[in-house]
Amino acid sequence: MAANRWKLISLSVGGALLLLMLLASSFSLGVYVGEHGWTRDGLSYSGPGGKADANNRPPQGGNAPGGPALSGTPQMPQPPMGLPSGRPNVTGRILGIQPQSIQAASSTGPRRIVLTAETRFLEQDGRAITLKDLQKGDVIAVYGVFIGGDGGELRADFIVRLPPKE
Amino acid sequence: MTRPDRFLALAVFLAALTVYALTLTPSLSYLSPDGSELATIPYVLGLAHSPGYPLYTWLGFLFSHLIPLGDVAYRINLMSAVMGALAAAGVYWILIRILPESIPPLWRRTAAALPALLLAFSKTFWAQSLIAEVYAPNAAGIVITLIALLRWERTRRRVDLFLFALAFGLSLGLHISDLGFAPAFILFILLCLFELVGGPAAAADPSAGTKPAPFSGKLRSFLSVAILGFIGFALGVAQFVWLPLQSSTLIDRAMLRSAPTTLEGIYNYTLGAFPNFKFAFPLTALPDRLVIYLDLLNQQYGLIGIGLGIAGLISLLARRTRYFYLLVGMYLVEIWFFIQYSAFDLDVFFIPAHIIWAMFIGFGVFEIIHALQVIFSRMRATADRPCKIKPITVIAGIIMILFAAVPLHNNWSANDFSQDTAVNDFYAGVWSVLPGNAALVTPSGVFGYDAFYWQLVYDTRADVLLPLRPGPNPSAQALAGRDLFATTRTMTGNAGPGALPAGLLTRNYWTVPVLFGQQPEESFGRREALALYHLSVDPPPLLEADPKPQFLAEADLGPVQLLGFDLSPQRIESGDVLTVKFYWRLKTVTSVRVETRLGNLTLEQHEIGLGLLGRFAQAGPLPPGSVISDSFALIIPSVTPPGAYAFTIRPSGIGSTPGTAIHLGTVDVINEIGTMERWLQIAGS
């Protein structure tokens, strides 16, 4: 009798626990999809402004040898005028924009792009734009210097907005 | 466990180990942020970063000293492979123990083997089994602890309880977050002792059917279990005495701040470590955090695996309630803690949860098999003549296990790290090109171990000073009179744990790249450019007063003209260093980026003038028509197959097709020495 009672209790509690797990997952998924759609745009392991990537990870980033292009100097024929040449340090999709930084999802993980007074914003055709012109979801190429010792944080010299993929 | 089950557990172990061995990282890599440190510390029996990982260190010591294969880093990588395979086999073992016996043995084995292999070949678990890291050994630690607990549940012998508690205490030396499993373990032990919820033990227990023990007897059992468990656990945890004993070996600035020399220090180094990463998110962020976990779970097992796991959870509750509380208790603590953890490499922290989910999948597979069995039984009952069910069963079982080939196939290319030789190739090149008695400035602490490894393990180039190796605050006097060099990562570490002390490099040095390592490839972690810089007070000799290139090129690149180049002998051992010098005639001082290539492989990218042209022009006149030179060395990756390759240079730019390649010559790559042997030769051992 007592054994049956315990069994019933344990099944009820376990069932409630299972239900709670499924509800929490469904609710979370619903909230997320409502906000970001069926994309991975909102998935940042350390979170917006998360501190872990800046303090806990090793310095895996490095300057592209030679650094970004010299500003205000003539350019090669290949890139449009005003654009830095060479491979960007980070290419990714903007997850969030703050006055001092941009969160971007790159193919190698989330990155925090630190903005300074010297950071220049450009369209791919070389036209100058401002931070206000950038929007969440834009794809950007960033030229700059890795800081923070972890490869997750980049001080931007140039941010080039790339055209959306067709 | 029967003999066939032992054989199958061994088969799971060998299958996983074979795959891991084929894809194993050959030596150091940047796949793990702490990998170089975790490859070095065990060999020298030092103290790793928080929380210290004593058991990991000791196991690594055994592997690095007893396994006569490869270099030390390879042996530590191999330890992860063995431990990962052990964990996968352990999952089979556990499932065979806890799956209901209402289906034939062959099907039970299928239901146990499939999730074990799915785990072994899942994305994150597999990747962590290939590098020097704590997560695969910790997976083995968790599985061994569970096996010990289940053994005690079956035998109820005190010695088995003691062994379980000891295993649990020891597992904390592999990852201290395992402590979160304690409530689930205690609940399970209480459920067993007071026989509140049934498990298979009741049926197997010879005393079943006899009169149940009185409550006072159960209480006495509980007290004896508690005391014995505490002693076993305390003995396991006693490994952390290692921390104060070895604290003098710490060289990381952040770790030294919470050095485990006092009780408070030990707490801060272990349970109190990284406080800003724990519970780092507000309640409103939890839905998004949970979705991150669900996404990671989807990456491991796919939607079918998630569905099977949910079915398995229901099955577990209905058929094995006691195990439901054990596994779900462990699982929920893990999820609750780590969805609120703020870390760049969050995926690896969920590995214990993925192990438990594999067991849920096992129960899900069991339910499918059980349902099919019922259907077949009914079909047989209504059939006119008996059907030959045995061969069909065997074939179906094998086909079901072959589902594990899906993640094996899908994850192979992403997890094949066997070609990741970039770090060792780079440092082999660094030790080759550094002049005698030079000083190599590296990141400090945990993040400098890619360089420290060589001197700590092999005493490589003892004449070269690594100023950050003894500690994070060397004096500038230590560098006096030495030729200064630095790795690229040092130059970017202006803040954070790997940063240099403020007073070490105070002069406005010219930072001249002299050696380029393999270019970053996204498939190999978050590595960026590998480069060795020469730091000089005086401007480098960029300007060529009387240019006499060895080979003429006279190729026009718009603002500059490539006059010609010098090239070291064009027959080269893979992994070796090719030196090159380009002569450029400037039409104007401008920014031109070029890349050199060997066949289809980009060896390096740099700005003409090695990125120093602007500063050089400010320091002195650089009129149009001036000739400058870029002189540097290049690593030919040791994974380059032998053969003749075109050596070319071309402009590179964003948003446009790279310019036409200029053919410079043909380089014959040979491989006569062998990669590992070459590394060991350069290491000096």
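What you see is a predicted model, and the numbers here were worked out from it, not measured in a lab.

About the criteria used
- Residues numbered from 1 in each chain as written.
- Chains lettered and ligands numbered in written order.
- Predicted model: local features only at pLDDT ≥ 70, side-chain atom pairs only at ≥ 80, totals over all residues.
- Helix = DSSP H or I, 4+ residues; strand = E, 2+ residues; numbered from the N terminus.
- Contact = placed C-beta atoms within 7 Å.
- Buried ≥ 20, exposed ≤ 12 C-beta atoms within 10 Å, placed from the backbone.
- Axes fitted to C-alpha atoms, helices over the stretch in contact; angles between N-to-C directions.
- Parallel < 35°, antiparallel > 145°, perpendicular 65-115°, else oblique.
- Nonpolar A, V, L, I, M, F, W, Y, C, P; charged D, E, K, R; others polar.
- Domains from an automatic or database assignment.
- Pairing = 2+ DSSP bridges.
- Arc of directions from axis to C-beta.
- Core = buried A, V, L, I, M, F, W, Y, C linked by C-beta atoms within 7 Å.
- pLDDT = per-residue confidence, 0-100.

1. Some remarks on the overall build of chain B
Then comes step 1: When helices and strands are tallied, chain B shows 24 helices and 13 strands.
Then comes step 2: Counting only C-alpha atoms, chain B reaches 105 × 70 × 50 Å along its principal axes.
Then comes step 3: Put simply, of all contacts in chain B between residues at least 6 apart along the chain, 77% involve residues at least 24 apart.

2. A word on the overall build of chain A
Then comes step 1: Summing up its helical and strand segments, chain A has 2 helices and 7 strands in all.
Then comes step 2: Counting every position in chain A, which comprises 166 residues, the buried fraction comes to 45%.
Then comes step 3: For chain A, long-range pairs separated by at least 24 residues make up 56% of all intrachain contacts whose partners lie at least 6 apart in sequence.

3. Details of the packing of helix α9 (residues 182-193) of chain B against helix α16 (residues 321-338) of chain B
A pair of packed helices can be characterised by two numbers: the angle between their axes and the separation between those axes.
Residue and element names in this part refer to chain B.
Then comes step 1: Where α9 contacts α16, the two axes come as close as 8 Å, and the packing angle between them is 170°. Judged by the inter-axis angle, α9 sits roughly antiparallel to α16. Residues Pro183, Ala184, Leu187, Phe188, Leu191 and Cys192 of α9 pack against Arg322, Tyr325, Leu326, Gly329, Met330 and Val333 of α16.
Then comes step 2: Across the contact of α9 with α16, the residue classes tally to 10 nonpolar, 1 polar and 1 charged.

4. Digging into the domain arrangement of chain B
Residues and elements named next belong to chain B.
Then comes step 1: Here chain B is described as being made up of domain 1 (3-413), domain 2 (419-538) and domain 3 (541-685).
Then comes step 2: Listed by partner, the interface residues are 24 residues for domain 2 and 22 residues for domain 3.
Then comes step 3: Counting only elements with at least two residues in the side of domain 2 that touches domain 3, the list comes to α20 (422-433), α21 (449-458) and β3 (510-516).
Then comes step 4: Ranked by residue count, the leading element in the side of domain 2 that touches domain 3 is α20, at 9 residues.

5. Here we look at unusual backbone geometry
All names here are of chain B.
Then comes step 1: In this structure, the amide linkage connecting Ser50 to the following residue, Pro51, adopts the cis form with an omega of 5°.
Then comes step 2: Along the chain, the position of Pro51 falls in the loop between α2 (35-44) and α3 (54-66).
Then comes step 3: The backbone of Leu45 shows a phi angle near 50°, a positive value even though the residue is not glycine.
Then comes step 4: Its place among the elements puts Leu45 in the loop between α2 and α3.
Then comes step 5: Within the chain, Glu554 stands out as a residue other than glycine whose phi angle is a positive 50°.
Then comes step 6: Since 11 C-beta atoms lie within 10 Å of it, Glu554 is described here as exposed.

6. Thoughts on the sheet that holds strand β11 (residues 627-635) of chain B
All names here are of chain B.
Then comes step 1: Across the sheet, which stays open at both edges, the 8 strands sit in the order β1-β2-β4-β3-β11-β8-β6-β5 with mixed pairing between neighbours. Whereas interior strands pair on both sides, the edge strands pair on one side only; in this sheet they are β1 (439-441) and β5 (551-556). The sheet shows a mean angle of 30° between the axes of neighbouring strands, direction not considered.
Then comes step 2: As defined by bridge partners, strand β2 (residues 484-487) adjoins strand β4 (residues 531-536) across 4 bridges and the pair is classed as antiparallel.

7. Some details on the packing of α2 of chain B against α3 of chain B
Residue and element names in this part refer to chain B.
Then comes step 1: It is the contact of α2 with α3, at a shortest axis distance of 7 Å, that shows an interaxial angle of 80°. Judged by the inter-axis angle, α2 sits roughly perpendicular to α3. Note on element contacts: α3 touches α2 through Thr57, Gly60, Phe61 and Ser64, opposite Ile41, Pro42 and Tyr43.
Then comes step 2: Across the contact of α2 with α3, the residue classes break down as 4 nonpolar, 3 polar and no charged.

8. Here's the deal with the sheet that holds strand β7 (residues 571-573) of chain B
Residues and elements named next belong to chain B.
Then comes step 1: The sheet built from 5 strands is open, its strands ordered β7-β13-β12-β9-β10 with mixed pairing. The open sheet has two edge strands with one neighbour each: β7 and β10 (601-607). Strand-to-strand twist in this sheet, taken as the mean axis angle between neighbours without regard to direction, amounts to 30°.
Then comes step 2: Here β7 runs beside strand β13 (residues 662-670); their pairing, made up of 3 bridges, is parallel. Bridging from a neighbouring strand, Ile572 pairs with Val669 of β13.

9. Some details on the pairing of strand β9 (residues 593-598) of chain B
Residues and elements named next belong to chain B.
Then comes step 1: Taking burial as the measure, the 6 residues of β9 include 5 buried ones, the bulk of the element.
Then comes step 2: Judged from the 6 bridges that link them, β9 and β10 form a sheet pairing that is antiparallel. Following the sheet pairing, Val594 is matched in β10 by His606.
Then comes step 3: Linkage of β9 to β10, two consecutive antiparallel strands, is achieved through a turn of 2 residues, within which Gly599 is found at a positive phi near 65°.

10. Some thoughts on the pairing of strand β8 (residues 577-586) of chain B
All names here are of chain B.
Then comes step 1: Among the 10 residues that make up β8, 7 are buried, leaving the element largely enclosed by the rest of the structure.
Then comes step 2: Alignment of strand β6 (residues 560-567) against β8, held across 7 bridges, turns out to be antiparallel. Residue pairing in the sheet places Gln561 in a bridge with Arg585 of β8.
Then comes step 3: Of the strand pairs in this sheet, β8 and β11 are connected by 9 bridges, and their pairing is antiparallel. By the bridge assignment, Arg585 is partnered in β11 with Val627.

11. What about helix α19 (residues 405-415) of chain B?
Residues and elements named next belong to chain B.
Then comes step 1: Along α19, the residues that are buried comprise Pro407, Leu408, Asn411 and Asn415. One face of α19 carries all of its buried residues, which in axial projection span an arc of 95°. More than 90 degrees from the buried face of α19, the exposed residues found are Ala405, His409 and Ser413.
Then comes step 2: In this fold, the buried residues of α19 make contact with α1 (3-23), α5 (105-120) and α6 (123-128).

12. Considering the nonpolar core
Then comes step 1: If you look at the biggest cluster of nonpolar residues, it comprises 224 residues, and the most contacted ones within it are Val12, Ala88, Val91, Tyr92, Ala116 and Leu117 of chain B.
Then comes step 2: A total of 21 residues in this core trace back to one element, the largest contributor, which is helix α4 (residues 72-98) of chain B.
Then comes step 3: Once residues within four sequence positions are removed from consideration, Tyr92 of chain B is found in contact with Leu8, Ala9, Val12, Ala112, Ala113 and Ala116 of chain B.
Then comes step 4: In terms of nonpolar packing, the next biggest core, distinct from the first, is built from 18 residues, Leu95, Ala104, Phe158 and Ile159 of chain A among them.

13. Details of the confidence of the model for chain B
Residues and elements named next belong to chain B.
Then comes step 1: Confidence in the prediction for chain B averages 89 pLDDT; 92% of positions are at 70 or higher.
Then comes step 2: Scored below 50 in pLDDT, residues 201-209 shows 5 contacts in the model against residues more than four places distant or in partner chains.
Then comes step 3: Scored below 50 in pLDDT, residues 489-494 shows 26 contacts in the model against residues more than four places distant or in partner chains.
Then comes step 4: In the predicted complex, the global pTM is 0.84; the interface-specific ipTM is 0.82.

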